[in-house]
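Architecture and fold: a report
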Amino acid sequence: MSKPRRSEEPDGRPEAAGSGAREARAGPARRRVTEGGLPRAGRAAGLGSLPRPPRTSRPDAAEAGGVRGPRVRAWSAAGRRAELAAAEAAAERAALDRGVRYRSVFLVLVGTILTVAAVTVLLGTIGLLRETRSRPLTVAERADYVRADIARRWHAWPADVVFPDELEYLGLERTQQYARRVGIAPESPCTAGLDASVGQVVGEHDCRTLLRATYVDQTSTFAITVGVAVFASEEDRVRAAAELPADDRVGVRPVAFPRTATELFGAAQRQRNGWVGAGPYLVFSTAGYSDGRSRDAVPPEEILHSELWPAAQSVAGRIARSLGEPPTVPRCTQGNVC
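**Focus: the confidence of the model for the protein**
Summarising the model, the protein shows a mean pLDDT of 81, and 77% of its residues fall at 70 or more. The weakest mean pLDDT in the protein belongs to helix α2 (residues 61-64) at 44; the strongest belongs to strand β3 (residues 207-216) at 97. Contacts from residues 31-50, a stretch scored under 50 in pLDDT, to residues over four places away or in other chains number 8 contacts. Below a pLDDT of 50 lies the segment residues 56-67, which in the model reaches 4 contacts outside its immediate sequence neighbourhood of four places, other chains included.

**Considerations on the packing of aromatic side chains**
The way to describe two aromatic rings as a pair is by their centre distance and the angle between their planes. Under the definition given, this model contains 1 aromatic pair. Relative to Tyr 289, the ring of Phe 222 has its centre 6.2 Å away and its plane inclined at 55 degrees; by these criteria the two rings are tilted. Here Phe 222, found in strand β4 (residues 222-231), pairs with Tyr 289, found in strand β6 (residues 281-289); they are 67 residues apart in sequence, far enough to count as distant. Taken individually, Phe 222 and Tyr 289 each receive the classification buried, so the pair is uniform in this respect. Positioned above the aromatic ring of Tyr 289, the side-chain terminus of Arg 293 is 3.8 Å from the ring centre.

**Description of the state of the cysteines**
Applying the stated rule across the entire model yields 1 disulfide. Note on cysteine connectivity: Cys 190 is disulfide-linked to Cys 207, with sulfurs 1.9 Å apart. Taking the sign of the torsion about the S-S bond as the criterion, the disulfide between Cys 190 and Cys 207, at about -70 degrees, is left-handed. With Cys 190 in helix α7 (residues 190-193) and Cys 207 in strand β3, the pair connects residues that are 17 residues apart, well separated along the chain. With respect to class, Cys 190 is no different from Cys 207; both count as buried.

**Let's talk about the pattern of salt bridges**
Under the criterion given, the structure shown has 13 salt bridges. The closest approach of N and O atoms between Arg 147 and Asp 144, which form a salt bridge, is 2.7 Å. Here Asp 144 and Arg 147 lie together in helix α4 (residues 139-151), a separation of 3 residues that amounts to about one turn. Overall, the relative accessible area of 47% leaves Arg 147 in the partly exposed class. Owing to a relative accessible area of 42%, Asp 144 belongs among the partly exposed residues under this scheme. Across the salt bridge formed by Asp 149 and Arg 153, the nearest N and O atoms sit 2.8 Å from each other. Each member of the pair, Asp 149 as well as Arg 153, is classed as buried. Look at the salt bridges and you will find they share partners, linking Asp 149, Arg 152 and Arg 153 into a network.

**Remarks on the pairing of β6**
Extensive coverage of β6 is indicated by the burial of 9 of its 9 residues. Side chains Tyr 281, Val 283, Ser 285, Ala 287 and Tyr 289 project from β6 onto one buried face, and the interleaved Leu 282, Phe 284, Thr 286 and Gly 288 project onto a second face that is buried too. As defined by bridge partners, β4 adjoins β6 across 9 bridges and the pair is classed as antiparallel. In the strand pairing of β6, Gly 227 is matched with Phe 284. Taking the residues that link successive antiparallel strands as the turn, the strand β5 (residues 270-278)-β6 hairpin has 2 residues, and the phi of Gly 279 there is positive, at about 60 degrees.

Calculation criteria
- Residues numbered from 1 in each chain as written.
- Predicted model: local features only at pLDDT ≥ 70, side-chain atom pairs only at ≥ 80, totals over all residues.
- Heavy atoms only, no water.
- pLDDT = per-residue confidence, 0-100.
- Helix = DSSP H or I, 4+ residues; strand = E, 2+ residues; numbered from the N terminus.
- Contact = heavy atoms within 4.5 Å.
- Phe/Tyr/Trp six-rings, centres within 6.5 Å; stacked < 30°, edge-to-face > 60°.
- Buried < 20%, exposed > 50% of the residue type's maximum accessible area, 1.4 Å probe, protein only.
- Lys NZ or Arg CZ within 6 Å of the ring centre and 35° of its normal.
- Disulfide = S-S within 2.5 Å.
- Salt bridge = Lys/Arg side-chain N within 4 Å of Asp/Glu carboxyl O.
- Pairing = 2+ DSSP bridges.

Right under this line is the structure:
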């Protein structure tokens, strides 16, 4: 009896015995697959015969690390890095925005400062041009000019201009005579060159200094000392003059110069004293005889030489007029052209 041969599959593999029985058993399962689409859960008989899904190129859990935990952590780290990068970018944009705002504020402040400075310079330039341009003097400015010019003459003028070498005066029968300057005394405090009662008054009214010089007439018979008391202002001089004692025996002290016609002229030789005002100046004068005769040596009933006192008054008056004469005032602030 011959052995039955095993049937062969088309690929050359022999078919296992009992394949018909398996097919018979698998028939209902196949039918269930066909009818329901999927095998029922829990039946393992038909699972082996289901076709396996195609294998994709994505690595499975074992290839990626075996478990899904590291993959989740990797994605979380990447997310944090993205968040940090976004935060840094936002911070940079905020810093840039702040910088732009600060720059705008700075530019506004600088522009404001420059504008104010330019306006200030412009206004100052306009004011300077107005002040420096030539224009007519006002009445007040003319008065100030005259006052300032007179007040500075005592130290601005040379000594021989304040006390000229020769001064004219009218003598007997109105003949023109000349008084000659013998010498100029050093500048001294007001109280040092005036009698005590006079020096106290002028000292209370801001007398600054005293200038003195001595003259003689053409025949050297009379000696005349002139003293210029300088006050801070004309108002001080007026107040001081109102309080001077009405006594012709006191006033400026004489100045004698050795080896001249005035060497015997002292306080006892003064015959008369007087003063005259001009601007901020009180011009004192005193006269006597050059031969040394004192005031007490001349009897009251004896008339003094008729030319003695007029000569002294004339010399003092000429000096006072020179110091107080109003100057020529310019028409404009820069001369006479405006």
